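Examining the three-dimensional arrangement
Each chain is listed here by its residues.
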Amino acid sequence: MSEMMEKPAENPEEDRASLKSNGNTPRDGVVKETLGVLKTFRRSIRKAAEKSPLGSKLAPKTDTDDSESGSPPPLSPSLSTGSPVTSPLISPLKSIGGFFQKKEDEEGDNISLKSKGLSRSKTDPNMTKLGDSLIKTGASIRRSLRIGSKKDKDKACRQELLGPATKGTVEEKMEEKEEEEEEEGCEEMEETYTLQELPHTPLSVMQISKLIEMEVLEEAHLNLLALRLEFHKEEERCSEDSPMELAKKEKDLNLLYADLRNKMNTIVRDSNSLPSRNKELLVFVARIIQEEERRAEEPGGLPDSWMEAWREAVCEGVQVKVDNVHLEQREQNVSWLALHLGLLGKAIVDDLENVKKQLRWSYPPSFKVFSTYVESYHRVVGQHLKKLEQQTTEQKDLYALLEWIINRYKSEKVMGSLSLQPDMKDESTDLQLEEDFLKHLKEKYCCRVKEDMRSSLERLIDLEHEEVWSNRKNPKKEEYYLNSQIDMDIWMKVKGNVVHSRVIDAQLEKKVISACLEELKQFPKRFETEFGRHCSTLRPQPLWTEYQITYINSFTALQQHMEGYQAACPQEVEGFKREVKWLIVKLTQDLEDQFKEDVKPYLRRMMTRKWLTNDEDFKELYSRTYQLSKHCTLMKPPHVQEFANRLHFHVVKEYIGQLMKTNYSCKNRKHERAATKIRAQWEKLKDLFEDMSTHEWLHDVGDDLSNILMQKNKSDIKNHLQPLVEHYPDFSKKHLVAVLYFRGMMRGREHQLILQRFSELKKKVDSPACNKDRVLFSDMQVTVNTDCLSNLPFSCLNFLLPVN
């Protein structure tokens, strides 16, 4: 601040500045100055009475007042809204008195002290004392005029009649009704106004600065305009001889304008926090902004836009509101962000309701107050959410942030609130976010979903080990099948992620499905590795078999659940299905390999001398097969059918395959006993597989071979070859030779006739109409140790036969 701000002026002209602003001149003398002060005080009292609820009853306008003024009152922007903007010119003393009238509730009896400080100048001390006395008297009169409004009296009367029982309810209803009536009674300010007459001589820099400090904005601005006009005139007529004096005045003018703008910005910024205090001040703020915008091209003012400064002040006030919303630390509350966003939404609605009901009536329509506050919230909240995103790492918090931005902010919870209608009808409800902010937030959320999915899957394996494998716990049955909860746990985890993301938007839903499936695709191999590591010692216990079947069922169910996302992410679903199929095949193959290993020693001793006289090996084979077949009933389709068919095929192939190994030859008519035993055992095996296997075509092989083996006459064997050849097209000559070897026929004429008949039948069977899907003997190993004569053609041996 210049020297004018540092010390009071010493010349008499400056000493008389405060009196000039009252409409008088020094040459009228002290008496006229005193009358001017009294006249101004009377106007302030009359204006205070007019603003009271009793209106003109307390301060009727008389001809005496008009005659005292000497001329019609000039126009002013300080009248209430809804009427022409005219008012008497307000003196500095009167404005200060009005300011203290607003402050006296908070400051009480200290008002007189502050008023003394404001009115102090280098004028006559007697006049200073007179001014202080008048201010005290005015404050006393204004306190005596504090008469309750008609609404307060009516409310008190009604409460007295109703009594204390209904006090709370009645008060609430009456307050709501009064708020509605108050809002309906509010009217917008007139867009146009007439500026008051500027003082002939402006107050000193110190006095104007004091007025700004004490928020007597109207009077301060009028004097600033007068000072600005004075500076402009001096600039026009000033020669180059006194540039320093002019520069000093320009500096003072700029500093005063800066102080005025800062004070106005503070008032606007705090207006939504202290609406009752700043409501009237905002009227002056709006008129000053309008006037300065109109004079923007004139020299002496601030170069940048006052309207833009007002918008920035509104934005700062919104920033304060947002920053004051309670935010707990993550360590203190797991729901810290959801709680904060809920409070933030409520604070936004409450503030916009206040703007709608109160603040906007203090501005002309061109300010578009409600729209400005809405836009400010869009911008400030957008920046606030970016800061929150930087602190957010958990999936639930990222989701809460996304859901609030995309759905809740636009919904009836915040910007779509019914209390803000219909003002929000034409307003945008979109937050002002940085470019790619939402894209980044969604990608961050999907990455977190994937990481959480991996952690959940690893935790599931750990739980399975802790609760099942390590305790050798038997799996539970659900609807006749063995099953664990692992598939339901995974499915519910994925489904929860997908359903939540669907609430936000379809694009995020697809990305979340893809993220979950990508992580799930790695899970079957990890699970199989851990299962094998922890349960390898259980083999070949029945519990290990139950575990195998349990996880075959669980992953089958999981695959079926994931097929529901085929349309959204076909490639990811197919990739997951391949991995699950690999796991199921691996589990069933382990189960099958273990069974083959268990029954291998018993099958190896079939069709031997011991087998013919002892049933122990077959009983063990049957017991192991029966036990596994019972376990198969606990396996869900479709894998149970495939497994049972492979099991059936293996037992049949290995049992019959022992005939092809030529380990034993039934001589001395033992073939009949062997055929009978094969038939009996075959019936048991057939009954065992009949309900679980769909390979009915395997049932005939035992009976067909038994019929060949049990023929007493060798020549009758030729008549029983056709069923075997028709049922099993892959049955070859070498297999027939092995069967005949077991029968005890290694050579001879009948042997050759049987082979010849077989060749004839094979030619018929090899026609295209034959069923070639029934392949049993093709891979069956044959080891025949016979002499060369057995393989010679029948025509070559014809000469050896006796002549008939």
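All residue numbers here refer to positions counted from 1 along the written sequence of the relevant chain. Local features in this predicted model are restricted to residues of pLDDT 70 or higher, and side-chain atom pairs are both shown and tallied only at a pLDDT of 80 or more, whereas totals for entire chains, interfaces and linings draw on every residue. Remark: hydrogens and water are excluded; side-chain values derive from all non-hydrogen atoms of the structure.

Description of the overall build of the protein
Only DSSP runs of H or I covering at least 4 residues are called helices, and only runs of E covering at least 2 are called strands; the numbering of each starts at the N terminus. Along the protein, the regular secondary structure elements total 32 helices and two strands. Among the 804 residues that make up the protein, the fraction classed as buried is 47%. The long-range fraction of contacts in the protein, counting pairs at least 24 apart against all pairs at least 6 apart in sequence, stands at 78%. Method for areas: the Shrake-Rupley scheme with a 1.4 Å probe, in which residue coverage is limited to the protein chains shown. A total of about 41200 Å² of accessible surface is found on the protein, and carbon and sulfur atoms cover 50% of it. Type-normalised accessible area, obtained with a 1.4 Å probe on protein chains alone, sets the label of each residue: buried when under 20%, exposed when over 50%, and partly exposed for intermediate values. Between two residues, a contact is recorded if the distance between any of their heavy atoms is within 4.5 Å.

Things to note about a negative patch on the surface
On the surface, a cluster of negative charge is contributed by D687, E690, D691 and E696. As for its placement among the helices and strands, E696 is situated in the loop between helix 28 (671–690) and helix 29 (700–709). Any residue with relative accessible area above 30% and no salt bridge may belong to a patch, with like charges joined within 9 Å and the nonpolar Val, Leu, Ile, Met, Phe, Trp and Tyr side chains within 5 Å. We count a salt bridge whenever a side-chain nitrogen from Lys or Arg sits within 4 Å of a carboxyl oxygen from Asp or Glu. His is not counted, nor are the chain ends, whereas Lys and Arg count as positive and Asp and Glu as negative. For the purpose of locating charges, the reference atoms are NZ of Lys, CZ of Arg, CG of Asp and CD of Glu.

With respect to helix 32 (residues 749–765)
Because an α-helix packs 3.6 residues into every turn, residues spaced three or four apart end up facing the same way. Helix length check: helix 32 (17 residues) gives 24 Å between terminal C-alpha atoms against 24 Å at 1.5 Å per residue, within 8%. When helix 32 is considered as a whole, its buried residues turn out to be H751, Q752, L753, I754, L755, F758, L761, K762 and V765. The secondary structure elements touched by the buried residues of helix 32 are helix 30 (722–727) and helix 31 (733–743). Helix span, expected: 1.5 Å multiplied by one less than the number of residues in the helix.

Brief notes about the environment of L753
Along the chain, L753 falls in helix 32. On the basis of relative accessibility, which here comes to 16%, the residue L753 falls in the buried class. Along the chain, L753 and K714 lie 39 residues apart, while their C-alpha atoms are 9.9 Å from each other.

Digging into the pattern of salt bridges
Close approach of charged atoms allows side chains with opposite charge to pair. Counted according to the given criterion, the structure contains 42 salt bridges. One salt bridge connects E403 with R408, and the closest N-O pair in it is separated by 3.4 Å. What you see here is one network of salt bridges that share partners, running through E291, R294, R295 and E298.

Brief notes about the packing of aromatic side chains
Describing an aromatic ring pair means giving the distance of the ring centres and the angle of the ring planes. For Phe, Tyr and Trp, rings pair up if their centres lie within 6.5 Å, where Trp contributes its six-membered ring, and each pair is then called stacked (planes under 30 degrees apart), edge-to-face (over 60) or tilted (otherwise). With the rule as written, the count across this model stands at 26 aromatic pairs. Relative to F555, the ring of F527 has its centre 5.2 Å away and its plane inclined at 55°; by these criteria the two rings are tilted. Of this pair, F527 sits in helix 22 (residues 523–535) while F555 sits in helix 23 (residues 542–562), and the two are 28 residues apart along the sequence. Comparing F527 with F555 shows no difference in burial state: the two are buried. Arranged with centres 6.3 Å apart and planes meeting at 65°, the rings of Y664 and F742 form a pair that is edge-to-face. With Y664 in the loop between helix 27 (639–657) and helix 28 and F742 in helix 31, this residue pair connects regions lying 78 residues apart in the sequence. These aromatic residues form a ring-pair network of at least three members: W469, F523, F527, F531, Y547, Y551 and F555. Placement of a charge over a ring requires the Lys NZ or Arg CZ to be within 6 Å of the ring centre, with the centre-to-atom vector within 35 degrees of the ring normal. Residue placement shows K677 over the ring face of W611; its charged tip is 5.6 Å from the ring centre.

What about the side chain of E546?
Within the secondary structure, E546 sits in helix 23. For the buried residue E546, which engages in no salt bridge, the nearest side chain bearing the opposite charge is K477, 7.8 Å off. Every residue in contact with E546, bar those within four places of it in the chain, is listed here: N474, P475, L482 and H631.

Description of the packing of helix 21 (residues 506–521) against helix 22
Interaxial angle, 0 to 180 degrees, is taken between N-to-C directions of lines fitted to C-alpha atoms, where a helix line uses only the stretch in contact. Across the interface, helix 21 lies against helix 22 with an axial gap of 5 Å and an inter-helix angle of 30°. Residues E519, L520 and K521 of helix 21 lie in contact with helix 22, whose contacting residues are F523, P524 and R526. Any residue outside Ala, Val, Leu, Ile, Met, Phe, Trp, Tyr, Cys, Pro, Asp, Glu, Lys and Arg is labelled polar, Gly included; the first ten of those are nonpolar and the last four are charged. Its residues assigned to classes, the contact of helix 21 with helix 22 comprises three nonpolar, no polar and three charged.

Some details on the packing of helix 11 (residues 205–213) against helix 12 (residues 217–237)
Contact geometry for helix 11 and helix 12: axes closest at 8 Å, N-to-C directions at 150°. With respect to helix 12, the element helix 11 is oriented roughly antiparallel. For the crossing formed where helix 11 meets helix 12, the hand is left-handed. Residues I208, L211 and I212 of helix 11 form the contact with helix 12, whose participating residues are E219, A220, N223, L224 and L227. Of the residues assigned to the contact of helix 11 with helix 12, the class counts are six nonpolar, one polar and one charged. Every angle not falling under 35 degrees, over 145, or within 65 to 115 is termed oblique; those three ranges are roughly parallel, roughly antiparallel and roughly perpendicular. When the near helix sits turned anticlockwise from the far one by under a right angle, the crossing is termed left-handed; a clockwise turn instead gives a right-handed crossing.

A closer look at the nonpolar core
If you look at the biggest cluster of nonpolar residues, it comprises 179 residues, and the most contacted ones within it are I348, V381, I490, F527, Y655 and I656. Residues in contact with Y655, not counting those within four places in the same chain, are L603, M606, M607, W611, F618, I678, Q681, W682 and L685. Take the buried residues of types Ala, Val, Leu, Ile, Met, Phe, Trp, Tyr and Cys, join any two whose side-chain atoms come within 4.5 Å, and each joined set is a nonpolar core.

As for the environment of M606
Looking at the secondary structure, you find M606 in the loop between helix 24 (570–604) and helix 25 (609–613). The spatial distance from the C-alpha of M606 to the C-alpha of I656 is 8.9 Å, given a sequence separation of 50 residues. With residues near it in sequence (within four places) discarded, M606 still touches W611, D617, F618, Y655, Q658 and Q681.

Things to note about unusual backbone geometry
Look at the link from Q421 to P422: it is a cis peptide, with omega at 0°. Counting through the fold element by element, P422 comes out in the loop between helix 18 (395–408) and helix 19 (437–469). Despite not being glycine, Y480 has its phi angle at roughly 75°, a positive value. The topology assignment puts Y480 in the loop between strand 1 (476–478) and strand 2 (481–483). Taking the relative accessible area as the measure of exposure, Y480 reaches 71% and is therefore exposed.

Let's talk about the confidence of the model for the protein
Low pLDDT means the predicted coordinates in that region are not meant to be read closely. Note: pLDDT gives the predictor's confidence per residue, expressed from 0 to 100. On average, residues of the protein carry a pLDDT of 78, and 72% of them reach 70 or more. Between residues 786–804, whose pLDDT stays under 50, and residues either more than four places distant or in other chains, the model counts 20 contacts.

A word on helix 23
Between the first and last C-alpha of helix 23 there are 31 Å, a value that for 21 residues agrees with the 30 Å anticipated at 1.5 Å per step. A large share of helix 23 lies buried, amounting to 18 of its 21 residues.

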